[in-house]
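# Coordinate analysis (summary)
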Amino acid sequence: MFSQLKMPGEVAQEIGAREKARRKQKKLTQEQLSARAGISLASLKRFEQTGEISFVSLLKIAAVLDELDVFDSLFVRRKYSSIQEVIDEWDS
């Protein structure tokens, strides 16, 4: 079970790589994305290389790339329709 868990740094790097792919898919340069998001070019470059960025800057990037809705479900409590759903979630 624990062997599947990723370290926060790994997750951050993967998100940075996915952002870069999405940026390229939308045919945006780093300069264009940083300007549209209102963040520094250096911050965007660091994010794409290391996954490190402030949360607010990440939200700004997500907004430009039409991915902001992903964050709406972050840390939201799930509503269960049965006790079995709760048990199943804890068993997984």
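Up top is the structure these notes are about.
Sequence positions are assigned chain by chain, starting from 1 and proceeding in written order. Local features in this predicted model are restricted to residues whose pLDDT is 70 or higher, and side-chain atom pairs enter the listing and the counts only when it is 80 or higher, whereas totals over whole chains, interfaces and linings include all residues. Excluded from the side-chain calculations are hydrogens and water; all other atoms, namely the structure's heavy atoms, are used.

Before going further, it helps to examine the overall build of the protein. Helix and strand definitions here come from DSSP, where helices need a minimum of 4 consecutive H or I residues and strands a minimum of 2 consecutive E residues; each element is numbered from the N-terminal end. The secondary structure content of the protein amounts to 5 helices and 0 strands. For the protein, the α and β elements follow one another from N to C terminus as α-α-α-α-α. In this description the radius of gyration comes from C-alpha coordinates, and the expected globular size is given by 2.2 Å times residues to the power 0.38. A globule of 92 residues ought to have a C-alpha radius of gyration of about 12 Å, yet the protein, at 17 Å, is considerably larger. Across its three principal directions, the C-alpha atoms of the protein cover 50 × 30 × 25 Å. Across the 92 residues that make up the protein, the buried fraction comes to 21%. Here, residues are in contact when the closest pair of their heavy atoms is within 4.5 Å. Pairs at least 24 residues apart make up 42% of the contacts formed inside the protein by residues separated by at least 6 positions. Of the roughly 7100 Å² that the protein leaves accessible, carbon and sulfur atoms contribute 57%. Accessible area is worked out with a 1.4 Å probe on protein chains only. A residue is then buried under 20% of its type maximum, exposed over 50%, and partly exposed in between. Surface accessibility in these figures is a Shrake-Rupley result with a 1.4 Å probe; residues are shielded only by whichever protein chains are displayed.

Each aromatic pair joins two rings of Phe, Tyr and Trp (for Trp, the six-membered one) with centres within 6.5 Å, and gets the label stacked for planes under 30 degrees apart, edge-to-face for over 60, and tilted for any other angle. Summed over all chains, the structure comprises 1 aromatic pair. Relative to F71, the ring of F55 lies with its centre 5.8 Å away and its plane at 80 degrees, an arrangement referred to as edge-to-face. Here the residue F55 occupies a position in helix α4 (residues 55-64), and F71 occupies one in the loop between α4 and α5 (83-91), the gap between them amounting to 16 residues. In this structure F55 comes out as partly exposed when scored by relative accessible area, which is 47%. When its relative accessible area of 24% is taken as the criterion, F71 is described as partly exposed.

This paragraph deals with the nonpolar core. Core analysis: the biggest nonpolar cluster contains 9 residues, these being L28, L33, A37, I39, L44, F47, L58, I61 and L65. Of all the secondary-structure elements, those providing two or more residues to this core are α2 (30-37), α3 (41-50) and α4. Those residues in contact with I61 that lie beyond four places of it in its chain are E19, L33, A37, I39, L44, F47 and I53. By nonpolar core is meant a set of buried Ala, Val, Leu, Ile, Met, Phe, Trp, Tyr and Cys residues that side-chain atoms within 4.5 Å join together.

Before going further, it helps to spend a moment on α4. Of the positions making up α4, those classed as buried are S57, L58, I61 and A62. Projected onto a plane normal to the axis of α4, the buried residues spread over an arc of 140 degrees and lie on a single side. Along its buried surface, α4 packs onto α1 (8-25), α2 and α3. Backbone geometry just downstream of α4 places D66 in the positive-phi region, at approximately 60 degrees. The arc refers to the directions leading from the helix axis to the C-beta atoms.

Keep in mind these numbers describe shape, not what the thing actually does.
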